[in-house]
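# Observations on chain architecture
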Amino acid sequence: MVIVQKFGGTSVGDLERIQNVANRVSKTVKAGHKVIVVVSAMSGETNKLVGFTEHFGENPERAEVDMVLSSGERVTAALLAIALNQMGHKASSMTGRRAGIITDDAHTKARIERIETQTMQAALDEDKILVIAGFQGVNEAGLVTTLGRGGSDLSAVAVAGAMKADLCEIYTDVDGIYTTDPRIEPTAKKLDKISYDEMLELASLGAKVLQNRSVELAKKLNVSLVTRSSFSTAEGTLITKEENIMEKPLVSGIALDRNQARIALGGVVNRPGIASDIFGALATSNVNVDMIIQTSGHDGSTNMDFTVPQNELTDAKAVVESFCQKKEIQDASFDESICKVSIVGVGMKSHTGVAAKAFSTMATENINIQMISTSEIKVSMVIDEKYAELAVRSLHNAYELDK
Ligand code: ADP
Ligand code: ASP
Ligand code: MG
């Protein structure tokens with residue numbers, strides 16, 4: 001089999017752990033498999049590098065930021081290759097460029113456009129262990145790009161798809177996908193299986209155990225994805241097609257997203273095309289807008305409230321201010337002290353009363369719901385950040401997810 005094994009930041013957090021990863025990879029190779037390893041930077045490293053780039057002033061050149069950020073993964077990839085070679089294996093590290101990962105130009109959150117597999121294939125044909133630096137690629141102009149935070153998961157899935165791997169294992173510091181973040185709710189239960197769609201919702205709604213784009217791509221390419229711990233031999237969680245899951249729980253999990261900000265626009269000029277202009281401009285600036293609420297204001301204008309990721313607020317502000325200058329928006333306010341809690345489950349499709357229970361749980365805890373959005377398989381609520389953990393725990397309890 002060809003197996004992709006991805007190791008996250010904690011799993012390669014120090015030299016001893018890199019040796020531990022090398023031992024695990026070695027075992028897989030000795031069992032007769034071809035292994036492509038994808039690694040993250042050592043835990044804390046990317047945050048440190050982000051801090052460095054912000055030292056000299058606001059809005060550093062993003063192409064330069066990517067040069068800095070991509071370096072963390074190169075270090076771990078090369079160290080792991082060295083460790084494997086010392087053990088008598090033939091291993092070779094590769095940057096995103098050498099692995100042929102071609103992206104668009106959106107520095108710091110680039111999308112993978114294609115993978116040129118020749119170099120990787122040639123190395124595999126020579127029975128080498130490939131160790132790929134995750135989180136990075138290169139654009140058509142040859143500039144280094146990074147794939148957004150948590151992007152090594154995406155590198156792993158994309159490489160698994162392109163190399164037609166039989167399995168993509170994501171090794172991390174928990175032994176699978178839980179009903180909610182086990183660091184917030186210790187009674188959270190590990191799931192044996194979860195559908196791509198539920199996992200995609202959980203990841204998009206804040207469960208950082210997998211990057212959302214990696215799940216989206218795994219579904220599209222039908223990559224067999226398993227999340228498991230690099231510190232134990234416990235069976236992990238299989239992320240698979242819905243039809244492979246016999247029992248469909250009403251609610252599979254609860255997600256929390258603290259990286260949210262709310263933008264409230266008042267006195268928005270009421271003309272056809274205004275929403276398209278504002279949200280079009282936000283999209284052009286690569287701002288991901290989530291919940292949107294439009295209400296009518298007095299004097300014939302409208303109000304628009306929406307949420308964006310906190311780390312995209314600077315870009316969003318710039319767009320909003322350009323409309324304020326044109327007098328198409330009278331006033332704008334920005335609130336970072338919010339979070340979003342969500343319940344996710346495919347069983348919701350065929351049951352009523354699931355959302356009502358979420359609202360009554362918030363009411364019992366005296367938590368005010370500021371915004372609501374729903375889809376077939378999720379209910380999300382924006383609430384005050386200070387109630388984040390309380391909300392997660394009470395919802396987990398209300399849907400009896402510890403049972
Ligand atoms: P890595 O560095 O290996 O990529 P991450 O820190 O990105 O690891 O993701 C693993 C973390 O995700 C866990 O330590 C856990 O706190 C968090 N997490 C959030 N939601 C969940 C969930 N539903 N199941 C498991 N882990 C979760
Ligand atoms: N090192 C990067 C980050 O911290 C990518 C990753 O770990 O997946 O976001
Ligand atoms: Mg991660």
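Treat the numbers as computed from the prediction; the structure is a model and nothing was measured.

## Some thoughts on the site of ligand 1
The environment of ligand 1 is formed by 17 residues, the closest being Thr172, Asp173, Tyr178, Asp181 and Arg183. Contact between ligand 1 and aspartate 181: an oxygen atom at 2.8 Å from a side-chain N or O atom of the residue. Between ligand 1 and lysine 208, the relevant distance is 3.1 Å, taken from an oxygen atom to a side-chain nitrogen or oxygen of the residue.

## Topic: the packing of aromatic side chains
Any two aromatic rings considered together are summarised by their centre-to-centre distance and by the angle between their planes. Per the stated rule, a full pass over the model turns up two aromatic pairs. Consider the rings of phenylalanine 279 and phenylalanine 306, whose centres lie 5.1 Å apart with planes at 75°: the pair is edge-to-face. On the criterion of sequence distance, the pair formed by phenylalanine 279 in helix H9 (residues 274-284) and phenylalanine 306 in strand E15 (residues 302-309) is long-range, its members being 27 residues apart. The lysine or arginine in question, lysine 317, covers the ring of phenylalanine 334, its NZ or CZ lying 5.2 Å from the ring centre. In this arrangement the basic side chain of lysine 326 is found over the ring face of phenylalanine 323, its NZ or CZ atom lying 4.2 Å from the centre.

## Brief notes about the packing of H9 against helix H10 (residues 313-325)
One way to put it is that H9 packs onto H10 with a least axis distance of 9 Å and a crossing angle of 145°. At the point where H9 passes H10, the crossing takes the right-handed sense. Here Ile274, Asp277, Ile278, Ala281 and Leu282 of H9 lie close against H10, whose contacting residues are Ala316, Val319 and Phe323. Of the residues contributing to the contact of H9 with H10, the split by class is seven nonpolar, no polar and one charged.

## Details of the side chain of glutamate 169
Position of glutamate 169 relative to the elements: it lies in strand E9 (residues 167-172). Here the side chain of glutamate 169 touches glutamine 5 through a polar contact of 2.9 Å, side chain to side chain. Looking at glutamate 169, its side chain comes within polar contact range of the side chain of tyrosine 171, at 2.9 Å. Ignoring any residue separated from it by four or fewer positions in sequence, one finds glutamate 169 in contact with Ile3, Val4, Gln5, Lys6, Val226 and Arg228.

## Quick look at the sheet that holds strand E17 (residues 371-375)
Ordered in space as E14-E15-E13-E16-E18-E17, the six strands form an open sheet in which the pairing is antiparallel. At either margin of the open sheet sits one strand with a lone partner, and together these are strand E14 (292-296) and E17. Taking each pair of neighbouring strands and ignoring which way they run, the sheet shows an average axis angle of 25°. On top of the sheet, helix H7 (residues 196-204) reaches strand E13 (253-268), strand E16 (329-344), E17 and strand E18 (378-384); it is set at about 60° to E13, its chief contact. Lying over the sheet, helix H12 (residues 388-398) contacts E13, E16 and E18, oriented at roughly 125° with respect to E13.

## As for helix H4 (residues 71-86)
When the terminal C-alpha atoms of H4 are compared, their 23 Å separation across 16 residues agrees well with the 22 Å that a helix rising 1.5 Å per residue should span. Regarding H4, the residues found buried are Gly72, Glu73, Thr76, Ala77, Leu80, Ala81, Ala83 and Leu84. One side of H4 carries all its buried residues, which in axial view fall inside an arc of 160°. Glycine 88 sits one or two positions beyond H4 and adopts a positive phi of about 95°.

## Quick word on the environment of serine 333
Locating serine 333 in the fold gives a position in strand E16. When the C-alpha positions of serine 333 and serine 26 are compared, they lie 54 Å apart, and in sequence the two are 307 residues distant. If we ignore the near neighbours within four places in the chain, the residues touching serine 333 are Arg262, Ile263 and Ala264.

## Section: the pattern of salt bridges
Throughout the structure, instances matching the rule amount to 19 salt bridges. Here aspartate 127 makes a salt bridge to lysine 34, at a shortest N to O gap of 3.1 Å. Highlighted residues: aspartate 127 in the loop between helix H5 (118-125) and strand E6 (129-133) and lysine 34 in strand E2 (residues 34-39), separated in sequence by 93 residues. By relative accessible area, which is 54% here, aspartate 127 ends up exposed. The exposure class assigned to lysine 34 is partly exposed, which follows from its relative accessible area of 30%. For the salt bridge of aspartate 197 with lysine 219, the shortest nitrogen-to-oxygen distance reads 2.8 Å. Of this pair, aspartate 197 sits in helix H7 while lysine 219 sits in helix H8 (residues 212-221), and the two are 22 residues apart along the sequence. In this structure lysine 219 comes out as partly exposed when scored by relative accessible area, which is 41%. Here the salt bridges share partners, and the residues they tie into one network are Arg114, Glu116 and Glu140.

Criteria and thresholds
Residues numbered from 1 in each chain as written. Chains lettered and ligands numbered in written order. Predicted model: local features only at pLDDT ≥ 70, side-chain atom pairs only at ≥ 80, totals over all residues. Heavy atoms only, no water. Near = heavy atom within 4 Å. Polar contact = N/O pair within 3.5 Å; in protein donor to acceptor, adjacent residues only side chain to side chain. Phe/Tyr/Trp six-rings, centres within 6.5 Å; stacked < 30°, edge-to-face > 60°. Helix = DSSP H or I, 4+ residues; strand = E, 2+ residues; numbered from the N terminus. Lys NZ or Arg CZ within 6 Å of the ring centre and 35° of its normal. Axes fitted to C-alpha atoms, helices over the stretch in contact; angles between N-to-C directions. Left-handed = near helix turned anticlockwise from the far one by under 90°. Contact = heavy atoms within 4.5 Å. Nonpolar A, V, L, I, M, F, W, Y, C, P; charged D, E, K, R; others polar. Pairing = 2+ DSSP bridges. Expected span 1.5 Å × (residues − 1). Buried < 20%, exposed > 50% of the residue type's maximum accessible area, 1.4 Å probe, protein only. Arc of directions from axis to C-beta. Salt bridge = Lys/Arg side-chain N within 4 Å of Asp/Glu carboxyl O.

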